[in-house]
Amino acid sequence: MLFELHDVNKIYAGRVHALRDVTLSVDEGSIGLLGPNGAGKSTLLKIMLGLLPATSGAVQVLGFDAASRSLDLRQKVGYMPEQECYVAGLDAVEMCAYAGQLCGLPAKDARERAHAVLAFVGLEDKRYMKVQTYSTGQKQRVKLAQALVHDPELLLLDEPTNGLDPRGRDEMLTLITQLPERRGCSIILSSHLLPDVEAVCQSAILLNEGQVVFSGAISEMRGEQRDTYEVRVKEDGARLAGILEQEGCRADVQHNGALWVHLPAGGDTDVIFRKALEAELQVRHLTPLKQTLESAFVRLLQGQGEA
Amino acid sequence: MKPRVTAEKVSKWYGKVVGINDFSVEIGPGVTGLLGPNGAGKSTFIKLLVGALRPSKGKLEVLGETVWGNRQLLGRIGYCPEHDGIYEDLTGREFVSAMARLGGLGRDEAQQRADEALERLGLTKARDRLLGEYSKGMRQRAKLAQTLIHDPELLLFDEPLTGCDPLARVQITDLIQALGREGKMVIVSSHILHEIESMTSEIVLLYKGQVLAEGNIYRIREMIDEHPHQIRVECDEPRALGQKLVTSEDIRAIEFPGDGALVVETHDPDGCYPLIPRVALEAGIKIHALTSPDNNLQAVFEYLTQERGPEGVARAGRSEIHAGNAKAPQGARA
Amino acid sequence: MGIRDLGYKPYEGELLPHRNRYRVLISRAMSLAWASGLVKTTIILGMFPAVICGVVMFFKFKTIQILAQNPNVPIRLDDPGSLVFTCIFWCQIWFAFVISLLVAAPAISEDVRTGAFQFYFARPVSKNHYLLGKVAPTALLVLIVSLGPALLLAVLRVGLSQSGGEAWRNLTWVLGTLAYGPVYALVLALPAVALSSLGRRSGSIQGVWAAGFFITWLLGEGIAAGADLPYAALISIPTNLRMVGQLIYGMTPAYDMPWYLPAGVLVALVAGSALLLLRRLERVEVFS
């Protein structure tokens, strides 16, 4: 069990109800933390780290009670913040070594780990320069390094690809996906960039207005529609749609040009290919229709809004 | 006359440092994505388009006229910059109508247009709250609202979705697409490739101060010879299918990644795409999915901006790839 | 044998207990402070007044010896031991203040500016240890610059005694210094760090601390002298520090008033700063 929350409520200053009756039971793995701005994500993270007491309810993370064993808990958790985070006057090695020492590593071990972890994130060449002189991408990498130096069991990542150009984003996501394999740590990724979450996580928690709207596997959240396929052809999709309709399928043309084809009972994809070949149309893309995480997100929130 | 942006051999230097160099491009109506690594010249280009900078050399025309010093033309351009404004003490409504008045509209008209714009961006309920209280996404939408006020013909958005939660993203993306369909010229600059992909298929890719590629993403992909086209097929019997396909001359390589799929590499997608289903149907193998894993913007970007190996031609300084134009790049295969 | 994996490895070493964490914070802050050229210069220069005072003390002592043999000469000199106080207050306060300005005033505001709270509190660092790690370095450096030279002078005074009894009496200078040093350090460290927790612009905070220190000094003593209102001197932090020092050393205080007034002001200052710090830190936002 990675963490467990039971009926957790958090009320600020007697008025703002940031978390309502949150109950979660999550196993190890890579979990996305999603939700609109103001949904309670950062409050949840603070409570899970024991930095903020819950108004009511029990919180257990990595087997520690967050309220009473907060220091022990933070020793096993690494946090990569969204915003600027560095200590003025230190270079990358010093900062990571300091980070390690603050987690209890003896000074020599901390320095060793600092070098290793900076190599892992690809900052070897610049490690002796002061962090305040780094570019955005380099600062992001240092933030990841300082979260890893004490070899945490749980990694909290807040918008890790913020401000990175496409190559930097790719590299960062590669680093992040490597970690569970190498170290067996769990990851909680909080991000608005849903494709990032899809690339890294297998499950997700969706919060809205302090309540849990969904908690479970991403594939469950997305849902697949049976017997419906997304089809793209090189040329005229509408023509294929017409042909398929005559075969008993239902084919809707979307406004990005793709077709959503619903097969008749007992039908399979052969009919689509056969008809396309006959009509001399090239099928360039055919997959079972899956919602993107984005549309699932919107759907779930709208559903909750109406509920 | 259709709205156009034309740049002809434009260069901009800051002292010794080059922002953009010998840059020629033509952008038309609809949504165009502007992308490139850091330092490629995107912000320089945008500043030239909004008249904040003057080209050191070359001709830059927007809507048929030069931008620099052209106040009238600037009224037809809407610009939504990346950084946050500092108007924390104004309400959403006050901010947008103030910007409208700055653009020369009278008080009542400004108010009315402001309200319409806010409505369009879904901010009507929040319009009387202070900007300081808005979330990042809401602030972004307020900035977008004020860009729309004077109904510009050219709209420039710099990282429009920063900090927006998925709901706001969908809203803003839909708005941008709608603006494109209305016939306006919308140029969106972003680092987040899937955002651009969700808005448009037309891109301008900058690299080291020059235009490396422009046009439709998929046409550009087809032109990248060094990286043969990949087709991934998920089916019941990948190896059996592979066996049948391997005899075809169109196929350069077949890979079995091990998850019930095979990946075919080809230099002739037009030959392969019909071939695969035909062979599968003949052999009675059912295809569950057929995709092209690298037929997307991420792959195009990567392939074009990676440094070339020792046997290849250097990327930077290469002649432009104009999609839809038969001009072939250097080192093209027959 | 074979190919080694050079990538990210788990950590299997020892872990030090949480209760000693303040040592890491203090040692890091000390090394950062020492890395600053200005701080180094201040501490080194701060040693010189002690040398000069020592020389003066020696000559004063000799002069008193000579005068003792000629009782007719109507010159009276006060005890050379008072140079200990002159040194620790009048000479060293400038150096101590500079240290306080350079090290204490930016201590927390720099962390606010660079987002370092997220760095500290996402780790097993308790807020009390964090505060200790901010106050202690300044206090220690001020002690070095104030207590150090003064103690040496006090020991010199004891050494210059002509008899065992005199030496024993002169021990008050040593004991007084040992008592005064910590007061000095706290007064110069805590309020500055407390001010530092109020904003993110170190420059402004330094300005406010300097103004608060020197302007109150000028005003307090100015009004006390000019308008003959000795109690006005209580608004000046340095004046209170001076009077408490004089009290500890058994000298006559600069202004005629009960001992508990300047002492009370300093206690209130230090306690108030501590409370402010604890309150400010409680409201720290680690994740936004």
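Residues numbered from 1 in each chain as written. Chains lettered and ligands numbered in written order. Predicted model: local features only at pLDDT ≥ 70, side-chain atom pairs only at ≥ 80, totals over all residues.

**Q** Sorry, what's going on with the overall build of chain B here?
**A** Scanning chain B from terminus to terminus reveals 11 helices and 15 strands. Dimensions of chain B along its principal axes, counting C-alpha atoms only, are 75 × 45 × 35 Å. Burial analysis of chain B (334 residues in total) assigns 41% to the buried set. The long-range fraction of contacts in chain B, counting pairs at least 24 apart against all pairs at least 6 apart in sequence, stands at 67%. (Helix = DSSP H or I, 4+ residues; strand = E, 2+ residues; numbered from the N terminus. Buried ≥ 20, exposed ≤ 12 C-beta atoms within 10 Å, placed from the backbone. Contact = placed C-beta atoms within 7 Å.)

**Q** Please explain the overall build of chain C as it appears in this structure.
**A** Helices and strands together make up the secondary structure of chain C, namely 11 helices and zero strands. Taken from N to C terminus, the helices and strands of chain C fall in the order α-α-α-α-α-α-α-α-α-α-α. Every one of the 288 residues in chain C was classed for burial, and the buried ones make up 40%.

**Q** What should I look at first to understand the interface of chain C and chain A in this one?
**A** How big an interface is tends to be expressed through the accessible area that disappears when the partners come together. Across the contact, 30 residues belong to chain C and 34 residues belong to chain A. Elements supplying a minimum of two residues to the side of chain C that touches chain A: helix 1 (21–35), helix 5 (107–114) and helix 6 (116–121) of chain C. Element by element, the count of residues in the side of chain C that touches chain A is highest for helix 6 of chain C, at five residues. When its residues are assigned to classes, the side of chain C that touches chain A shows 16 nonpolar, eight polar and six charged. (Nonpolar A, V, L, I, M, F, W, Y, C, P; charged D, E, K, R; others polar.)

**Q** Is there a simple way to explain helix 1 (residues 41–48) of chain A in this structure?
**A** Every α-helical turn comprises 3.6 residues, leaving residues that sit three or four positions apart pointing alike. Residues and elements named next belong to chain A. Of all the eight residues making up helix 1, eight are buried; the element is thus mostly covered by neighbouring parts of the structure. Residues of helix 1 that are buried: Lys 41, Ser 42, Thr 43, Leu 44, Leu 45, Lys 46, Ile 47 and Met 48. Downstream of helix 1 by one or two residues, Gly 50 has phi in the positive range, about 75°.

**Q** Where do I start with the sheet that holds strand 9 (residues 203–208) of chain A in this structure?
**A** Whenever strands of a sheet pair, they do so through backbone hydrogen bonds, lying parallel or antiparallel. All names here are of chain A. Read across the sheet, six strands follow the order 6-7-8-3-9-10 without closing on themselves; strand pairing throughout is mixed. Each edge of the open sheet carries a strand with a single partner, namely strand 6 (77–80) and strand 10 (211–217). The sheet shows a mean angle of 15° between the axes of neighbouring strands, direction not considered. As paired elements, strand 3 (residues 30–34) and strand 8 (residues 186–190) share four bridges and run parallel to each other. Within the sheet, the bridge partner assigned to Leu 33 lies in strand 8 and is Ser 190. With respect to the sheet, helix 6 (residues 166–183) is in contact with strand 3, strand 7 (154–158) and strand 8, its orientation differing from that of strand 8 by roughly 155°. (Pairing = 2+ DSSP bridges. Axes fitted to C-alpha atoms, helices over the stretch in contact; angles between N-to-C directions.)

**Q** So what exactly am I meant to see when it comes to the domain arrangement of chain B here?
**A** Considered domain by domain, chain B is made up of domain 1 (5–220) and domain 2 (228–291). Relative placement of domain 1 of chain B and domain 2 of chain B: their C-alpha centres are 43 Å apart. (Domains from an automatic or database assignment.)

**Q** Quick question: what am I supposed to make of the environment of Leu 277 of chain C here?
**A** Residues and elements named next belong to chain C. Mapping Leu 277 onto the fold places it in helix 11 (residues 260–282). Among the residues examined, Leu 277 registers 23 C-beta atoms within 10 Å and is labelled buried. Linking Leu 277 and Pro 191, residues 86 residues apart in sequence, is a C-alpha distance of 9.2 Å. Those residues within four positions of Leu 277 in sequence are excluded, and the remaining contacts are Leu 131, Val 193, Ala 194 and Ser 197.

**Q** Teacher, can you tell me more about the interface of chain A and chain B here?
**A** If you look at the interface, chain A gives 28 residues, while chain B gives 29 residues. No other element matches the six residues that strand 14 (residues 283–290) of chain A contributes to the side of chain A that touches chain B. Of the residues in the side of chain A that touches chain B, the class split is 14 nonpolar, seven polar and seven charged.

**Q** Explain the packing of helix 3 (residues 92–102) of chain B against helix 4 (residues 107–120) of chain B here, please?
**A** Residues and elements named next belong to chain B. Closest axis-to-axis distance for the helix 3/helix 4 pair is 8 Å, and the angle between their directions is 125°. As summarised for this structure, helix 3 and helix 4 are arranged oblique, according to the angle between their axes. Pair helix 3 / helix 4 crosses with right-handed handedness. Between helix 3 and helix 4, the contacting residues are Gly 92, Arg 93, Val 96, Ser 97, Ala 100 and Arg 101 on the first element and Arg 107, Ala 110, Gln 111, Arg 113, Ala 114, Ala 117 and Leu 118 on the second. Among the residues making up the contact of helix 3 with helix 4, the classes are represented as six nonpolar, three polar and four charged. (Parallel < 35°, antiparallel > 145°, perpendicular 65-115°, else oblique. Left-handed = near helix turned anticlockwise from the far one by under 90°.)

**Q** Sorry, what's going on with the pairing of strand 9 of chain A here?
**A** Burial analysis of strand 9 of chain A places five of its six residues in the buried class, which makes it a mostly covered element. Hairpin connection of strand 9 of chain A to strand 10 of chain A: two residues between the antiparallel strands, including Glu 209 of chain A at a positive phi of 50°.

**Q** What exactly am I supposed to notice about helix 3 of chain B here?
**A** The set of residues buried in helix 3 of chain B consists of Gly 92, Arg 93, Phe 95, Val 96, Ser 97, Met 99 and Ala 100 of chain B. In this fold, the buried residues of helix 3 of chain B make contact with helix 4 and helix 5 (136–148) of chain B.

**Q** Even after reading the chapter, I still don't get the sheet that holds strand 1 (residues 3–12) of chain A, so can you show me in this structure?
**A** Residue and element names in this part refer to chain A. Pairing within the open sheet is antiparallel, and its four strands lie in the order 2-1-4-5. Edge strands, defined here as strands with exactly one partner in the open sheet, are strand 2 (16–26) and strand 5 (64–65). Sitting on the sheet, helix 1 touches strand 1, strand 2 and strand 4 (56–61), and the angle it makes with strand 1 is about 115°.

**Q** How do you make sense of the pairing of strand 8 (residues 185–189) of chain B when you look at a structure like this?
**A** Each regular strand shows side chains that alternate between the opposite faces of the sheet. All names here are of chain B. Counting buried positions along strand 8 gives five out of five residues, so the element sits mostly inside the fold. Inspection of the sheet shows strand 3 (residues 30–35) paired to strand 8 by five bridges, in the parallel sense. Bridge assignment links Thr 32 to a residue of strand 8, and that residue is Ile 187. Where strand 7 (residues 154–158) meets strand 8, five bridges bridge the pair, whose relative direction is parallel. In the sheet register, Asp 158 faces strand 8, and the bridge partner there is Ser 189.

**Q** Help me understand unusual backbone geometry, please; the structure alone is not making it clear to me.
**A** Glycine aside, residues mostly have negative phi angles, and peptide bonds mostly take the trans form. All names here are of chain A. A positive phi is found at Glu 159, a non-glycine position, where the angle reads about 45°. Note that Glu 159 resides in the loop between strand 7 and helix 6. Classification of Glu 159 as partly exposed rests on a count of 18 C-beta atoms within 10 Å.

**Q** Looking at this model, I keep getting lost on the packing of helix 10 (residues 237–248) of chain C against helix 11 of chain C. Mind explaining?
**A** The packing of two helices is summarised by the inter-axis angle and the distance between the axes. Residue and element names in this part refer to chain C. Packing of helix 10 against helix 11 brings their axes to within 8 Å, and their N-to-C directions diverge by 125°. One way to sum up the angle between helix 10 and helix 11 is to call them oblique. Remark: the crossing between helix 10 and helix 11 carries left-handed chirality. For the pair formed by helix 10 and helix 11, the contact residues are Ile 237, Asn 240, Leu 241, Met 243 and Val 244 on the first element and Pro 262, Ala 263, Val 265, Leu 266 and Leu 269 on the second. Per-class residue counts for the contact of helix 10 with helix 11 are nine nonpolar, one polar and no charged.

**Q** How should I be thinking about the environment of Leu 154 of chain B in this particular structure?
**A** Residue and element names in this part refer to chain B. Checked against the element boundaries, Leu 154 lands in strand 7. The sequence separation of Leu 154 and Phe 301 amounts to 147 residues, and the corresponding C-alpha distance is 25 Å. In this structure, Leu 154 is in contact with Pro 3, Val 5, Val 62, Leu 63, Arg 76, Ile 77 and Met 185, ignoring residues within four places of it in sequence.

**Q** When you look at the environment of Gly 15 of chain B in this model, what are you seeing that I'm missing?
**A** All names here are of chain B. Turning to its location among the elements, Gly 15 is positioned in the loop between strand 1 (5–14) and strand 2 (17–27). Judged by C-beta crowding, with 5 C-beta atoms within 10 Å, Gly 15 ranks as exposed. Here the alpha-carbon distance between Gly 15 and Glu 109, two residues 94 residues apart in the chain, equals 44 Å.

**Q** Is there a simple way to explain the confidence of the model for chain C in this structure?
**A** The predicted structure's coordinates, where accompanied by low pLDDT, should not be read in detail. Residue-level pLDDT values for chain C average 88, and 98% of them are 70 or greater. Predicted complex, confidence summary: ipTM 0.87, pTM 0.83. (pLDDT = per-residue confidence, 0-100.)

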